[in-house]
Amino acid sequence: MSPPVWTGSARAVEVTAPAVLEAFESDSGSHLFRNELTEVVRTRVEGDELVMDAWRDGAGVRQIRRK
């Protein structure tokens, strides 16, 4: 799915656990981050309706239809 089709919210959290950093074998001094999605919305047209599938962390998925 291409970026123009979806929107969302996320946060980047730096990974500091030595065991995890070791697994990536990075000795360049770079930092490792984990993305945590908090909201995703997929929007599309079906017939004469605009359909939005929205997922929010802790709330689950809901579908919204508009004519």
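Quick summary incoming for the structure in this document.

**Some thoughts on the environment of Glu46**
Assignment of secondary structure puts Glu46 in strand 2 (residues 33-46). Sequence separation between Glu46 and Lys67 is 21 residues, and the spatial gap between their C-alpha atoms is 9.9 Å. Once you skip the residues sitting within four places of it in the chain, Glu46 turns out to touch Val51 and Arg65. Side-chain polar atoms of Glu46 contact the side chain of Arg65, separated by 3.2 Å.

**Describing the environment of Val61**
By the secondary structure assignment, Val61 is in strand 4 (residues 60-66). Given the relative accessible area of 64%, Val61 is considered exposed. With residues up to four places along the chain from it excluded, the contact list for Val61 reads Ala54 and Trp55.

**Focus on the pattern of salt bridges**
Considering all chains together, one arrives at eight salt bridges under this definition. One salt bridge in this structure joins Arg65 and Glu49, with 2.7 Å as the shortest N-O distance. With Arg65 in strand 4 and Glu49 in strand 3 (residues 49-56), the pair connects residues that are 16 residues apart, well separated along the chain. Through salt bridges that share partners, Arg44, Glu46, Glu49, Asp53 and Arg65 make up one connected network.

**Structural notes on the pairing of strand 3**
On a regular strand, each side chain points to the face opposite its neighbour's, so the side chains alternate between the two faces of the sheet. As defined by bridge partners, strand 2 adjoins strand 3 across eight bridges and the pair is classed as antiparallel. Paired with Thr43 across the bridge in strand 3 is Met52. In textbook terms, the turn of a hairpin is the stretch between consecutive antiparallel strands, and for strand 2 and strand 3 this stretch comprises two residues, one of which, Gly47, has a positive phi near 60 degrees. As defined by bridge partners, strand 3 adjoins strand 4 across seven bridges and the pair is classed as antiparallel. Its bridge partner lying in strand 4, Met52 is registered against Ile64.

What counts, and where the lines are drawn
Residues numbered from 1 in each chain as written. Predicted model: local features only at pLDDT ≥ 70, side-chain atom pairs only at ≥ 80, totals over all residues. Heavy atoms only, no water. Helix = DSSP H or I, 4+ residues; strand = E, 2+ residues; numbered from the N terminus. Contact = heavy atoms within 4.5 Å. Polar contact = N/O pair within 3.5 Å; in protein donor to acceptor, adjacent residues only side chain to side chain. Buried < 20%, exposed > 50% of the residue type's maximum accessible area, 1.4 Å probe, protein only. Salt bridge = Lys/Arg side-chain N within 4 Å of Asp/Glu carboxyl O. Pairing = 2+ DSSP bridges.

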